[in-house]
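# What the coordinates show
What follows is each chain in one-letter form.
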Amino acid sequence: MTAPLMLPMATDIGNPTVNIAIFALFVLATLAIVFRASRNNKTAADFYAGGRSFTGPQNGIAIAGDYLSAASFLGIAGAIALNGYDGFLYSIGFLVAWLVALLLVAELLRNTGRFTMADVLSFRLKQRPVRMAAAISTLGVCFFYLLAQMAGAGGLVALLLGVSNRAGQSIVIAVVGILMITYVLVGGMKGTTWVQIVKAVLLVIGAGIMTIWVLAKYTFNLSGLLGAAVDKSPAAGEKLLSPGLQYGVTGVTKLDFISLALALVLGTAGLPHVLMRFYTVPDSKEARRSVSWAIWIIGIFYLFTLVLGYGAAAIVGPDAIRAAPGKANSAAPLLAFELGGEVLLGVISAVAFATILAVVAGLTITASTSFAHDIYGQIIKKGQISGDGEVRVARYTAVVIGIVAIIGGIFANGQNIAFLVALAFAVAASANLPTILYSLFWRRFNTRGALWSIYGGLASTIILIIFSPVVSGKVDKKTGASLSMITDTGIDFHWFPLDNPGIVSIPLAFVLGWLGTVTSKEQVDVDRFAEMEVRSLTGAGAEKAVSH
Amino acid sequence: MSDMRDSDLTSYRDVQLSPDFSELRRRFRRFVFPMTALFLVWYFVYVLLADYAHGFMSQKVGGNITVALLFGLGQFVSTFAITMIYVRWADRRIDPDAEKLRHQIEGEPQ
């Protein structure tokens, strides 16, 4: 354990057999749970919303399981290990964002909608166009998020299972996709929720054990741990302990950071897979309790990652992390290996895989619900379809989405995945949140406002990303290597200077929502507005739990 | 059938215009809007300090603990605190009245 780690390669650390065995155990256990849960899947409310019968604490744990993706576990710990304090800034944005959901969105949405975000947005506006816009935005966010997770699975494999060739990684991505389809097809929302609960518990326990272990090495003295991290990082030195290492370089990077902070704090309450989880509880009080539980779990977990990040810097060291195949993403697994050898590494690797599985399952059920309920059931069939018919379409959709995700993940393998997650948050904050808030709180808001805001937010985010340095024209000044998605440094069509579009697209979407509303002559549907407002606050007429 | 629906909707309007509901809505908004403004301002003060006040944020307050670290942990503390305050407040000040109105609407449609 005290032996120095010499430039570990994927296959050098840990024992792939142990990793795979522990992971297989998780898969078997969750499959058993999913099959058990499937016995009560009868109605649409069962498949889409788990019968609305989860308790607040259960749903809160599942929300944490849905939200804490591999990017937050491996990514944030790694970012703190290499960039110090700037990595911590991410987790703060991800956490504070939950207050928007708690205070403004969760309960009102639970009381108003049935299965999807579009239910709420189209409640008092013109049904078909608004529902279509909301469904497109839902599918867009889910697709970007799903792609990031699937591509991340490929990278993890290199690191954790010693699979370094592309074909092998593609097979693992396909296995992840097939497992995800199975969870969703068999278990519906109920099964998916249980997978997320199991995963969240494992993740928090795993990270908690490592945190206590790291702190114990420094006699529970945080200052001592920080000092050791600084000593082990001669390049960064004291800068590791204060902001600016990553974002403080130039005026543009500082602005970029504000843009990111805006998208993080406003994005969460617009993420469709998060919103959909509020329908799995019986009433708004339980929705409130779920968010409260989620905030505690997510907050405590991010405090763990702070210790793990600095712990990895102190114990593994930035040079060994940079040399590892997964770079920053390998900080937490390398730390696990240094602390507890191959068994702890195996456990942490399995937890990281479980994380990906649970998140992609949640995204798949959200996307297929939105397609089946919003686009097929309400727009194509105009609501003239049985719940069973809708659920059948949802199942087909889940298979299609799974296949698209597998193919997309194989192609995106090796791409910079952090930007896909940032893109999903930016779309959620720009296209979804303004319309959610306007339709809940602004009486005059109307159809044109909603359409302008959703489509304007969606389009501006995607256009700004395409013409940002993320896609083309970003070059590492020292090495001359490309840091963009398009790695050919000869191709450069970027004109938007920032990596994160939020600072432009979010205010723009709010302005468009207002402008569309005031320029439209559409009369407010006073009856539907009254129903929405009264329902949202009192819970009268809200969807009830299914009793079996 | 359509008559039922109409009378239902009228009753939603009646409720919306009733003093009890106005009071509930006013109470809810007077809590959540200022609270939202408060945590957003506090978050962006923190973000701007982290972004533009490196000198201030890198000062040490004891051992290797920097001002930035205290501010960052402060965001966690404030988030947990607001969560607890809101949940307690809503349980006591919103739920009973909301439930009363809900029973009125669902129990005896006019």
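Everything numeric in this text was worked out from a predicted model, so none of it was measured.

Another aspect to go through is the overall build of chain A. Regarding its fold elements, chain A presents 19 helices and zero strands. Computed over the C-alpha atoms, the radius of gyration of chain A is 23 Å, within 12% of the 24 Å expected from 2.2 N^0.38 for a compact globule of 548 residues. Long-range pairs, those at least 24 residues apart, make up 82% of the contacts in chain A with a sequence separation of at least 6.

Looking now at the overall build of chain B. Counting its secondary structure elements, chain B contains five helices and two strands. Listing each helix as α and each strand as β along chain B from the N terminus yields α-α-α-β-β-α-α. Counting over 110 residues, chain B shows a buried share of 25%. Contacts in chain B between residues at least 24 apart in sequence constitute 60% of all its contacts with a sequence separation of at least 6.

This part covers the UniProt feature "transmembrane region" (unreviewed entry) in chain B. Taken from the UniProt record, the annotation "transmembrane region" (unreviewed entry) applies to residues 31–53 and 65–87 of chain B. In this annotation, residues 31–53 of chain B is assigned 96% helix and 0% strand; the end-to-end C-alpha distance for the span is 32 Å.

The next point concerns the packing of helix α5 (residues 85–112) of chain A against helix α19 (residues 526–538) of chain A. All names here are of chain A. Relative to each other, α5 and α19 sit at 120°, their axes nearing to 7 Å. It follows that α5 is oblique to α19 by the angle criterion. Judged by the sense of rotation from one axis to the other, the crossing of α5 with α19 is right-handed. The segment α5 lies against α19, with L108, N111 and T112 engaging M532, R535 and S536. Its residues placed into classes, the contact of α5 with α19 shows two nonpolar, three polar and one charged.

Residues and elements named next belong to chain A. The biggest cluster of nonpolar side chains holds 238 residues, and the ones touching the most others in it are M150, I298, A312, L335, L357 and V360. Top element by residues in this core is helix α14 (residues 331–380). It accounts for 29 residues. Those residues in contact with I298 that sit more than four places away from it in its chain are A64, Y67, L68, L95 and W98.

For B:M35, the position within the fold is in helix α2 (residues 19–52). Sequence separation between B:M35 and B:L69 is 34 residues, and the spatial gap between their C-alpha atoms is 24 Å. The residues contacting B:M35, other than those within four sequence positions of it, are A:L103, B:I82 and B:Y86.

What follows is about the interface of chain B and chain A. When the parts come together, some accessible area is lost, and that loss is often what is quoted as the size of the interface. Taken together, the 43 residues of chain B in the interface contact 43 residues of chain A. When contributions to the side of chain B that touches chain A are tallied by element, the ones reaching two or more residues are α1 (2–17), α2, α3 (54–57), β2 (65–66), α4 (67–93) and α5 (95–107) of chain B. Among the elements that make up the side of chain B that touches chain A, the one with the highest residue count is α2(B) (13 residues). Here the residues of the side of chain B that touches chain A are counted per class, giving 26 nonpolar, 11 polar and six charged.

Moving on to the packing of helix α10 (residues 251–267) of chain A against α2(B). Think of two packed helices as two axes; the pair is described by the angle between the axes and how far apart they sit. Look at α10(A) against α2(B): their axes get within 10 Å of each other, and the N-to-C directions meet at 155°. Put simply, α10(A) runs roughly antiparallel to α2(B). By crossing handedness, the relation of α10(A) to α2(B) is classed as right-handed. Two secondary-structure elements touch here, α10(A) through A:K254, A:F257, A:I258, A:A261 and A:V265 and α2(B) through B:Y43, B:V47, B:D51 and B:Y52. Considering only residue class, the contact of α10(A) with α2(B) consists of seven nonpolar, no polar and two charged.

Residue and element names in this part refer to chain B. Relative to the elements of secondary structure, S18 occurs in the loop between α1 and α2. Note on S18: 14 C-beta atoms within 10 Å, which makes it partly exposed. Residues S18 and R29, spaced 11 residues apart in sequence, show a C-alpha to C-alpha distance of 17 Å.

This paragraph deals with unusual backbone geometry. All names here are of chain A. Positive phi is not limited to glycine here, since R52 has a value of about 55°. Relative to the elements of secondary structure, R52 occurs in the loop between α2 (44–49) and α3 (56–67). Its identity as a non-glycine residue notwithstanding, F220 has a phi of 55°, on the positive side.

Each full turn of the α-helix corresponds to 3.6 residues, which orients residues three or four apart in the same direction. The first and last C-alpha atoms of α10(A) sit 24 Å apart over 17 residues, in line with the 24 Å expected at 1.5 Å per residue. Those residues of α10(A) not exposed but buried are A:D256, A:F257, A:S259, A:L260, A:A261, A:L262, A:A263, A:L264, A:V265, A:L266 and A:G267.

The subject of this paragraph is the environment of A:R444. Residues and elements named next belong to chain A. Here R444 shows up in the loop between α16 (418–441) and α17 (447–466). When the 13 C-beta atoms within 10 Å are taken as the criterion, R444 is described as partly exposed. For the pair R444 and W514, spaced 70 residues apart in sequence, the C-alpha separation works out to 9.5 Å. Other than its neighbours up to four places away in sequence, R444 contacts T517 and V524.

This paragraph deals with α5(A). Residue and element names in this part refer to chain A. For α5, which comprises 28 residues, the first-to-last C-alpha distance of 40 Å matches the rise-based estimate of 40 Å (1.5 Å per residue) to within 8%. V105 marks where α5 bends most, by close to 50°. Most of α5 is tucked away, with 28 of its 28 residues classed as buried.

For the rest of this paragraph, the subject is the confidence of the model for chain A. Where the model shows low pLDDT, its predicted coordinates should not be examined in detail. Confidence in the prediction for chain A averages 88 pLDDT; 96% of positions are at 70 or higher. Confidence drops under pLDDT 50 across residues 1–11 of chain A; counting only partners more than four residues distant or on other chains, this segment forms 17 contacts.

Residue and element names in this part refer to chain B. Mean pLDDT over chain B stands at 87; residues scoring 70 or higher make up 88%. Taken element by element, the predicted model of chain B shows its lowest mean pLDDT in α1 (63) and its highest in α4 (96). The model gives residues 1–9 a pLDDT under 50, and that stretch makes five contacts with residues more than four places away or in other chains.

Rules used in this analysis
Residues numbered from 1 in each chain as written. Chains lettered and ligands numbered in written order. Predicted model: local features only at pLDDT ≥ 70, side-chain atom pairs only at ≥ 80, totals over all residues. Helix = DSSP H or I, 4+ residues; strand = E, 2+ residues; numbered from the N terminus. Rg over C-alpha atoms; globule rule 2.2 N^0.38 Å. Contact = placed C-beta atoms within 7 Å. Buried ≥ 20, exposed ≤ 12 C-beta atoms within 10 Å, placed from the backbone. UniProt positions renumbered as here; feature names shortened; annotations may be inferred. Axes fitted to C-alpha atoms, helices over the stretch in contact; angles between N-to-C directions. Parallel < 35°, antiparallel > 145°, perpendicular 65-115°, else oblique. Left-handed = near helix turned anticlockwise from the far one by under 90°. Nonpolar A, V, L, I, M, F, W, Y, C, P; charged D, E, K, R; others polar. Core = buried A, V, L, I, M, F, W, Y, C linked by C-beta atoms within 7 Å. Expected span 1.5 Å × (residues − 1). Bend = angle between axes of the 7 residues up to and from the residue. pLDDT = per-residue confidence, 0-100.

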